[in-house]
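Summary of the model geometry
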Amino acid sequence: MSRFFTPTLAALEPYTPGEQLAVPGLVKLNANENPYPPAPGVAAAVAGTIEGLRLYSDLTEAKLTAAIAARCGVPPQWVLCGNGSDENLLLAIRAFCDQNTPLAFADITYSFHPVLCNLLGVPAHVLPLREDFTLDTAAYDALGETIVLANPNAPTSLLTPVGAIERIVQRNPDHPVIVDEAYVDFAGPGASCLPLVAKYENLMVVRTFSKSRSLAGARLGFCVAQPGLIADMNRVKFSYSPYNINSMSEAAGAAAMADEAYFQKTVAAICRTRAETTAGLRQRGFTVLDSATNFVFAAHPQHEAAALCGALRQQNVLVRHFTAPRIQNWLRVTIGTPAQMQRFFAALDAAMG
Ligand SMILES: *Cc1c(COP(=O)(O)O)cnc(C)c1O
């Protein structure tokens, strides 16, 4: 830190992303990226934007927004795109929290939330998950705070039923409830809160192209809410980064949205591999939570997670281990291709001896 860094941010602790090593033959199961390439139409769509790159991108992302709105069954005015859903989470916290309006979230969830609170000077109200990592919905009754919930949650992989989330939305009518659905496409039908958006003016659903659409590097997310919340988000967006979506990413996102068959096929493949991975880990004595995501969360009664993570790394297999309280003995393993998971299990067997 230089002596010029502002004292208000001196205590800032930046987010630690999953390692991005560039080693040939690496099996990268540490950042919940999709193992399959983007939809086949993405390449031509991105190439088609090159000539227009001398111009600024479309401020309203009209093409992409239309594709998202059609897929989600909402009017385009209910959609706002972001430079990754990380940006939409930032816009939402900036818009709906301040020194006097804390952000409430679980103790074990996306670890970006406390970082954003720190950056933006927003008090964090941390509510512990139950012992079994399920959401203690009653703890969210009439909080008087803005709430963010990842559903399915990360890194636990657990899904909270829509009915329980709806209750939280109903019990906090005067505050926004932001539901981060980064993994919902892997959770099966009926898992999303999207159908509730028309019913509640305080509900915002946040989605991303990073996981189920194989576009993590394009940095593209979107949120869906009634026009009031979207207008507030736009006021913040136009106060710092009006051209937040670049033309190449917009084209990539629209092409990915257009290919429903490819999306269904790749999501189904990941869900099949997830079932096999879960079974393989349980056979080896791991406790594995029932995953509704593209990763599994697992712990072994005899083998320390940190040691396993290190031994896998030595064999060029990256998985994620967290040092936070309560989850120190757990591993988060992204679901890769069947071939990658074979390499993972071979390395795991060697690590376990
Ligand atoms: C991966 C992930 C995101 C996605 O972030 P992007 O900025 O869209 O890549 C959002 N929330 C959670 C909980 C995630 O795990």
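The rules behind these values
- Residues numbered from 1 in each chain as written.
- Predicted model: local features only at pLDDT ≥ 70, side-chain atom pairs only at ≥ 80, totals over all residues.
- Heavy atoms only, no water.
- Helix = DSSP H or I, 4+ residues; strand = E, 2+ residues; numbered from the N terminus.
- Rg over C-alpha atoms; globule rule 2.2 N^0.38 Å.
- Buried < 20%, exposed > 50% of the residue type's maximum accessible area, 1.4 Å probe, protein only.
- Contact = heavy atoms within 4.5 Å.
- Areas by Shrake-Rupley, 256 points an atom, 1.4 Å probe, with all protein chains shown as cover.
- Lys, Arg positive; Asp, Glu negative; His and termini not counted.
- Charge placed at Lys NZ, Arg CZ, Asp CG, Glu CD.
- Arc of directions from axis to C-beta.
- Pairing = 2+ DSSP bridges.
- Axes fitted to C-alpha atoms, helices over the stretch in contact; angles between N-to-C directions.
- Salt bridge = Lys/Arg side-chain N within 4 Å of Asp/Glu carboxyl O.

With that out of the way, let us pick up the overall build of the protein. From N to C terminus, the protein includes 10 helices and 13 strands. Relative to the compact-globule value of 20 Å for 353 residues, the protein shows a C-alpha radius of gyration of 20 Å, a close match. Across its three principal directions, the C-alpha atoms of the protein cover 55 × 50 × 50 Å. A burial count over the protein gives 52% of its 353 residues as buried. A fraction of 73% describes how many contacts in the protein between residues 6 or more apart in sequence connect residues 24 or more apart. Surface accessibility of the protein: about 15,700 Å² in total, with carbon and sulfur atoms responsible for 56%. Between the centroid of the 26 positive side chains of the protein and the centroid of its 29 negative side chains there is a distance of 5 Å.

The subject of this paragraph is helix α6 (residues 227-237). Because the α-helix completes a turn every 3.6 residues, residues three or four places apart line up on one side. Inspection of α6 places L229, I230, M233, V236 and K237 among the buried residues, and these make up the whole buried set. Considered in projection along α6, the buried side chains sweep an arc of 115° and stay on one side of the axis. Packed against the buried residues of α6 are β2 (79-82), α3 (85-96), β7 (203-208) and β8 (221-224).

Take G48: it is sitting in the loop between α1 (42-47) and α2 (62-72). Residues G48 and M248, spaced 200 residues apart in sequence, show a C-alpha to C-alpha distance of 8.6 Å.

Okay, the environment of A252 next. Examined against the element boundaries, A252 turns out to sit in helix α7 (residues 247-258). With a relative accessible area of 3%, A252 lands in the buried category. Expressed as a C-alpha distance, the spacing of A252 and G41, which sit 211 residues apart in the sequence, is 8.2 Å.

Turning our attention to the sheet that holds strand β13 (residues 330-334). Hydrogen bonds between backbone groups are what pair the strands of a sheet, and the pairing can be parallel or antiparallel. If you trace the 4 strands from one edge of the open sheet to the other, you get β9-β10-β13-β12, paired in antiparallel fashion. Pairing within the sheet leaves two strands with one partner each, and these edge strands are β9 (287-288) and β12 (320-321). With 2 bridges connecting them, β9 and strand β10 (residues 295-299) associate as antiparallel partners. Each residue of the ladder has a partner; that of V288, found in β10, is A298. Each of β9 and β10 is contacted by helix α8 (residues 260-283), which is oriented at about 10° to β10, the strand it contacts most.

Summed over all chains, the structure comprises 11 salt bridges. Two residues, K28 and E33, come together in a salt bridge whose shortest N-O distance is 2.8 Å. With a closest N to O distance of 2.9 Å, D141 and R171 form a salt bridge. Pair noted here: D141 is in the loop between β4 (124-127) and β5 (146-150) and R171 is in helix α5 (residues 162-171), with a separation of 30 residues, a long-range link. R171 sits in the partly exposed class, given a relative accessible area of 39%.

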